[in-house]
Amino acid sequence: RLISVREFTSQIKGFFPGAKVVNTTDPPKFKVVQQALKENLQWREKELKLELAKVQKDLARGKKSEENILKIKLKEITKALVEIENGDHGDLKSPPGGSDVEIMASEAAQVDALIKSSPYLKLIQITTLTVSNTQEMQGKEHHLSLVDATMRHKRYHYENDIEVFAYTRVLKPTSPSVKKYCKERKCTVPPQGSKRNEYRDLWVQRVFVITQEPMPTVRRRVPIKDLQHVISTPLHNAVITLRKKNEEMKSAMLAARASDEPNDLVPLTQNLSGVIDAAVAGGIANYIEAFFDGTYLESMPMEEPRISKFKETLEAQLEILNKGLQTFHAKLALNPNLRPLFNHLQTSYSKMVVQLAKGILKRDITVKIKKANY
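Draft legend 1. Layout of the overall build of the protein chain. Each helix and strand in the protein chain was counted, giving 14 helices and six strands. Buried positions account for 36% of the 374 residues belonging to the protein chain. Taking the contacts inside the protein chain whose residues are at least 6 apart along the sequence as the reference set, 74% of them involve residues at least 24 apart. Carbon and sulfur atoms form 53% of the exposed surface of the protein chain, whose accessible area is close to 22,800 Å².

Have a look at this one:
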């Protein structure tokens, strides 16, 4: 049966009493390790005191045959308690005037030293994996994303015979991994403007976990065959995000078409509102500022082919939004109270098309508005 992360964590603690369990994809920070060690020592001290009370009680009974063994135990427990009470593991020391990279390297070294010098440390890190596939690992679009089917039907194929899982880590533009990536490709990290842009700063490391046999399986645990680390640039992340949103909208649109229930319109209207309102309210401007100000391609010239892919994905989104609005209009009879929302989305969609034509696509796309004969 499937269990939650919380239930799994409690099971782990049952197998490893006194251990600290953290659910994260990042390497353990110094404060986390220090806190884990503190909790481990508190648990160890509690156990030792219980054992000490038991040994003292046995000695008081005057068992001559076990007296020498009990005295040795008493000495060992007392020594361990003194070590715990007098233990000083220090605080994190940052190099004076060091850069972000030097500070991160210094912290990693201190974490390793703390782990090696702490025999009582019990720190278990849980990483939650998501279902992935070979196409995503290779940076390609999954063939099922081009099929007109609801997510319910696609999920059946996505979540059977799974050999690839993944988890992601958000990286800072100044992180060593990003600097190494840029050095290998002879490019530089795009400079940030006067105002921080979240799209331009979003570097992601995807770790793909490949198992020895497909899942689901009758085995409780499956060995890992290989790990692959892939760094995605901000522009690549933008393309991935748009693709996923397009697939989600197509699924909601197909589900609404196939149903006559008013509640089945909710996912469609939520998706339409989320994309159209966000785009008109500044989403398109943020994309222009992030990738189309000239400085992004100057810093990362190898990303030029992805600009075309980004524009293609945006155009595909406009088509899906157009068809989604047509479906919404056709289903208005199920809930006439939604007509004001439809009118608002229709107006905003027209604005979105104009903004994209002038700002990103740089060409006339008024044909797409003409197709929307509501």
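Moving on from the coordinates now.
Draft legend 2. Broad picture of the sheet that holds strand S6 (residues 224-232). The antiparallel open sheet is built from four strands, whose spatial order is S3-S4-S5-S6. Among the strands making up the open sheet, the edge pair consists of strand S3 (130-131) and S6. Sheet topology note: the strand S4 (residues 162-171)/strand S5 (residues 203-215) ladder contains nine bridges and is antiparallel. Residue pairing for S5: threonine 168 is matched across the bridge by arginine 206. Set on the sheet, helix H7 (residues 176-184) makes contact with S4, S5 and S6; between it and S5 the angle comes to about 90°.

Draft legend 3. Helix H2 (residues 30-60), seen in detail. Between its first and last C-alpha, H2 extends 44 Å over 31 residues, near the 45 Å set by a 1.5 Å rise per residue. Looking only at H2, the buried set comprises Phe30, Val33, Ala36, Leu37, Asn40, Leu41, Glu45, Leu48, Leu52, Val55 and Asp58.

Draft legend 4. Spotlight on the state of the cysteines. In this structure the tally under the stated criterion is zero disulfides. As a non-bridged cysteine, cysteine 182 has cysteine 187 as the owner of its nearest cysteine sulfur, 3.8 Å distant. We classify cysteine 182 as buried; its relative accessible area is 3%. For cysteine 187, a relative accessible area of 10% puts it in the buried group.

Draft legend 5. Representation of the nonpolar core in the model. Grouped together as the largest cluster of nonpolar side chains are 44 residues, with contacts concentrated most on Phe310 and Met352. Where this core is concerned, the elements lending two or more residues are H7, helix H9 (234-257), helix H10 (266-291), helix H12 (304-330) and helix H13 (339-359). If one sorts the elements of this core by residue count, H10 sits on top with nine residues. Beyond its immediate sequence surroundings of up to four residues, methionine 352 is in contact with Val275, Ile276, Ala279, Val280, Ile284, Gln317, Leu318 and Leu321. Counting 16 residues, the second largest nonpolar core, distinct from the first, contains Leu37, Leu41, Val55 and Val111.

Draft legend 6. Looking closely at the pattern of salt bridges. Scanning all chains against the criterion turns up eight salt bridges. Arginine 185 is the salt-bridge partner of glutamate 184, the closest N and O atoms lying 3.4 Å from each other. Judged by its relative accessible area of 39%, arginine 185 falls in the partly exposed class. Measuring nitrogen to oxygen at the nearest pair gives 3.3 Å for the salt bridge that ties aspartate 293 to arginine 200. Placement of the pair is aspartate 293 in the loop between H10 and helix H11 (295-299) and arginine 200 in helix H8 (residues 198-201), with a sequence separation of 93 residues. Judged by relative accessible area, aspartate 293 falls into the partly exposed class, the value being 41%.

Draft legend 7. Here's a closer look at H13. Taking 1.5 Å of rise per residue, the 21 residues of H13 would be expected to cover 30 Å, and the 30 Å separating its terminal C-alpha atoms lies within 8% of that figure. Taken together, the buried positions of H13 are occupied by Phe342, Leu345, Ser348, Tyr349, Met352, Val353, Leu356, Ala357 and Gly359.

Draft legend 8. Molecular detail of the packing of H9 against H12. Between H9 and H12, the shortest axis-to-axis distance is 9 Å and the interhelical angle comes to 20°. In this view, H9 runs roughly parallel relative to H12, as classed from their interaxial angle. Crossing hand, H9 versus H12: left-handed. Tallied by class, residues from the contact of H9 with H12 come to 13 nonpolar, six polar and seven charged.

Draft legend 9. Representation of the environment of arginine 339 within the structure. One can find arginine 339 in helix H13. Taking C-alpha positions, arginine 339 is 9.4 Å from phenylalanine 328, a pair spaced 11 residues apart along the chain.

Draft legend 10. Here's a closer look at the packing of H12 against H13. Relative to each other, H12 and H13 sit at 160°, their axes nearing to 11 Å. By the angle between their axes, H12 is roughly antiparallel relative to H13. Of the two possible hands of crossing, H12 and H13 adopt the one that is left-handed. Each of Leu314, Gln317, Leu318, Leu321, Asn322, Leu325, Phe328 and His329 in H12 lies in contact with H13, whose residues at this interface are Leu341, Phe342, Leu345, Gln346, Tyr349, Met352, Val353 and Leu356. Class assignment for the residues of the contact of H12 with H13 results in 12 nonpolar, four polar and no charged.

Conventions adopted
Residues numbered from 1 in each chain as written. Predicted model: local features only at pLDDT ≥ 70, side-chain atom pairs only at ≥ 80, totals over all residues. Heavy atoms only, no water. Helix = DSSP H or I, 4+ residues; strand = E, 2+ residues; numbered from the N terminus. Buried < 20%, exposed > 50% of the residue type's maximum accessible area, 1.4 Å probe, protein only. Contact = heavy atoms within 4.5 Å. Areas by Shrake-Rupley, 256 points an atom, 1.4 Å probe, with all protein chains shown as cover. Pairing = 2+ DSSP bridges. Axes fitted to C-alpha atoms, helices over the stretch in contact; angles between N-to-C directions. Expected span 1.5 Å × (residues − 1). Disulfide = S-S within 2.5 Å. Core = buried A, V, L, I, M, F, W, Y, C linked by side-chain atoms within 4.5 Å. Salt bridge = Lys/Arg side-chain N within 4 Å of Asp/Glu carboxyl O. Parallel < 35°, antiparallel > 145°, perpendicular 65-115°, else oblique. Left-handed = near helix turned anticlockwise from the far one by under 90°. Nonpolar A, V, L, I, M, F, W, Y, C, P; charged D, E, K, R; others polar.

The values reported here are purely geometric and, on their own, carry no functional implication.
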